[in-house]
Amino acid sequence: MKVDYENSKDFINAKEIILGKNVDIKEGTFISGMGKQADKVVIGDNVFIDKECVILVPEFTVGDYVKIFKYARITGYKPCKIGHNFYSDASVVLNSTDNLTIGNNVGIGSWSALWTHMRFGDVI
């Protein structure tokens, strides 16, 4: 469904919504805050968000020419900011327990997960 400000309120629950041109968000996708209304959602030009994606962060910002494919989960208590020319294949998990910023020209393969609240490696 091509999205404009008026029909975005059906699946974007935010105090402030800014939408670019040619935004296409498919059925079953929901954007809000974690357990409450998001503060701000900014979606750039030529953005495609596929079906059944769940985005629950206080601030969600994506640049232009972004593709997020089906069943993505983007959740957390801090803002998630994604740059231009981002590609996310199906079933990707992006965790924003702490601030999550992804730059321009990034691609993430299906079933991948990025976490902001874990520590990896050996502790000596």
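What you see is a predicted model; the values in this text were computed from it and never measured. (Residues numbered from 1 in each chain as written. Predicted model: local features only at pLDDT ≥ 70, side-chain atom pairs only at ≥ 80, totals over all residues. Heavy atoms only, no water.)

**Student:** Before we go on, may I ask you to explain the pattern of salt bridges in this structure?
**Tutor:** Two side chains with opposite charge may pair up if their charged atoms get near one another. Per the counting criterion, the structure on display carries 2 salt bridges. One salt bridge connects Lys-15 with Asp-39, and the closest N-O pair in it is separated by 3.1 Å. Here the residue Lys-15 occupies a position in strand E1 (residues 14–19), and Asp-39 occupies one in strand E4 (residues 38–43), the gap between them amounting to 24 residues. What makes Lys-15 exposed here is its relative accessible area of 58%. Of the residues examined, Asp-39 reaches a relative accessible area of 33% and is grouped as partly exposed. The salt bridge involving Lys-26 is made with Asp-24; its shortest N-O contact spans 3.3 Å. Residue Asp-24 is classed as buried on the basis of its relative accessible area of 11%. (Salt bridge = Lys/Arg side-chain N within 4 Å of Asp/Glu carboxyl O. Helix = DSSP H or I, 4+ residues; strand = E, 2+ residues; numbered from the N terminus. Buried < 20%, exposed > 50% of the residue type's maximum accessible area, 1.4 Å probe, protein only.)

**Student:** Please clarify how the packing of aromatic side chains should be interpreted in this entry.
**Tutor:** Each aromatic ring pair is described using two quantities: the centre-to-centre distance and the angle formed by the ring planes. Enumeration according to the criterion identifies 2 aromatic pairs in this entry. Both rings, one in Phe-69 and one in Tyr-87, keep their centres 5.4 Å apart while their planes meet at 55°; by these two values the pair is tilted. Of this pair, Phe-69 sits in the loop between strand E8 (67–68) and strand E9 (73–75) while Tyr-87 sits in strand E11 (residues 87–88); the two residues are 18 residues apart in sequence, bridging distant segments of the chain. Relative accessible area serves as the criterion here: at 35%, Tyr-87 is assigned to the partly exposed category. Within the aromatic cluster, the residues linked to one another by ring pairs are Phe-48, Phe-69 and Tyr-87. (Phe/Tyr/Trp six-rings, centres within 6.5 Å; stacked < 30°, edge-to-face > 60°.)

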